[in-house]
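# Fold and contact review
These are the residues of each chain, in order.
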Amino acid sequence: MTVTATETLTTAERRGALPRRTSGRRRAPHRVEARGAWILMAPYAALFLVAAAIPICYAFWISLQKAPTMVNPRSGFGGLDAYITAVTDFRFFDTFINIFTVMIVWLPLMIVGIVGLALLVHASPGRFGGAMRFVYFLPGALAGIANFVLWVYLLNPSISPIAFLWQGLGVNNLKEVTTTENLPWILTAMLFFQGVGTWIVIVNGGLNGIAEEVFEAAKIDGANSWQLAWSIKLPLIRPWIGYAALMNLAYGFQLFLEPYLLRQISSGSVDAEWAPTQLGYAFAFTNRNFPAAAAMSIILLVITLAIGMFIVFKSGLFGEEEKSK
């Protein structure tokens, strides 16, 4: 017997546990409520304008300029020259292949781990569930440099507590571990350990927001624990899963610190322009071509927004799923 979230919600409505859904357009918000909404949104709008909209417009304007050279130190309007310079660079496609390789390995593992562990925590009420929420959140305290230092310690065969594993693989020093070929797996482990705890707490909050009457109605319809998780919980927390995927996707495209520092500690065994952000950095501070660096940032923005919008519409994030019904 297959039980779906829609059937369970209908059963809950028949029992009077949930208010019946009304058809037709929602009532227009009252003027006072609308004014309050604008007041609440004003600080975010101001912050978005200063920290996002203005820098994006400025980067777009810089990307349309001509980079000064020793022969021609004068700048001016260059059209799409900066974009052509960025796209035709021999490192451009390799950097995106590298970052997509990390995404293919890390993002599915991250989402499956987040959802699976969140479902286990939610299915374990009481002190045990609370304790596990705290344990899963602990890795989130090791973010940024702290997380990086921990992984440098683990990856160094000479001091690592898992040195036997590296010795079994025939690896004797840190430079042999942190190679370009191994970097996607190293970054996957680093990013998963750093972010999984925080996102388990967020997704578990979405699970806690589901009315208990929905689960009771599903059990009355004959749902077992597996059907409850697969057919009821997962569909109802799809926006939270989409939000986790969206934010991790944005973070993945901005990878800079981890590959940059891994190159430093490995004596250059990792490519200097491994990620798109590193290529933009090289354009700006090695080639002194700030328009090309700005063009790289705009290209990254467009790609991230395109993939992000796909996730938003497919996951029902921001109420899109409800509007389509």
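Use the structure listed above.
## Points about the nonpolar core
Counting 73 residues, the largest nonpolar core has F96, I99, L187, F253, W274, F283 and M296 as the members making the most contacts within it. Each residue touching M296, except ones within four places of it in the same chain, is listed here: A86, F92, F96, P276, L279, G280 and F283.

## A word on the packing of helix α4 (residues 92-122) against helix α9 (residues 183-208)
For the pair α4 and α9, interaxial distance at closest approach is 7 Å and the crossing angle is 35°. Relative to α9, the crossing made by α4 is right-handed. Residue classes in the contact of α4 with α9 are distributed as 20 nonpolar, seven polar and no charged.

## A look at the environment of R263
Note that R263 resides in helix α13 (residues 257-265). For R263, the residues in contact, after removing those within four places along its chain, are G268, V270, D271 and A272.

## Some words on helix α12 (residues 238-253)
Residues three or four positions apart in an α-helix share a direction because the helix packs 3.6 residues into each turn. For α12, with 16 residues, the first-to-last C-alpha span of 23 Å sits near the 22 Å given by 1.5 Å per residue. Those residues of α12 lying buried are P239, I241, G242, A244, A245, L246, N248, L249, G252 and F253. For α12, the secondary structure elements touched by its buried residues are α4, α9, α11 (225-236), α14 (276-285) and α15 (290-315).

## As for a nonpolar patch on the surface
Where nonpolar side chains cluster on the molecular surface, the patch consists of W38, M41, Y44 and F48 and spans about 500 Å² of accessible area. Positionally, M41 belongs in helix α2 (residues 31-63). Since its relative accessible area comes to 37%, M41 is described here as partly exposed.

## Digging into the packing of helix α10 (residues 212-220) against α11
Closest axis-to-axis distance for the α10/α11 pair is 11 Å, and the angle between their directions is 150°. Of the possible angle classes, the one that applies to α10 and α11 is roughly antiparallel. When you trace α10 past α11, the crossing you get is right-handed. Between α10 and α11, the contacting residues are V214, F215, A218 and K219 on the first element and L228, I232, K233 and L236 on the second. Of the residues that constitute the contact of α10 with α11, the class distribution is six nonpolar, no polar and two charged.

## Some words on unusual backbone geometry
As a rule of thumb, non-glycine residues mostly have phi less than zero, and peptide bonds are mostly trans rather than cis. Phi is positive for R288, which is not a glycine, with a value near 55°. Along the chain, R288 falls in the loop between α14 and α15.

Reading the values: rules and limits
- Residues numbered from 1 in each chain as written.
- Predicted model: local features only at pLDDT ≥ 70, side-chain atom pairs only at ≥ 80, totals over all residues.
- Heavy atoms only, no water.
- Core = buried A, V, L, I, M, F, W, Y, C linked by side-chain atoms within 4.5 Å.
- Buried < 20%, exposed > 50% of the residue type's maximum accessible area, 1.4 Å probe, protein only.
- Contact = heavy atoms within 4.5 Å.
- Axes fitted to C-alpha atoms, helices over the stretch in contact; angles between N-to-C directions.
- Helix = DSSP H or I, 4+ residues; strand = E, 2+ residues; numbered from the N terminus.
- Left-handed = near helix turned anticlockwise from the far one by under 90°.
- Nonpolar A, V, L, I, M, F, W, Y, C, P; charged D, E, K, R; others polar.
- Expected span 1.5 Å × (residues − 1).
- Patch = residues over 30% accessible without salt bridge, like charges linked within 9 Å, V, L, I, M, F, W, Y side chains within 5 Å.
- Areas by Shrake-Rupley, 256 points an atom, 1.4 Å probe, with all protein chains shown as cover.
- Salt bridge = Lys/Arg side-chain N within 4 Å of Asp/Glu carboxyl O.
- Parallel < 35°, antiparallel > 145°, perpendicular 65-115°, else oblique.

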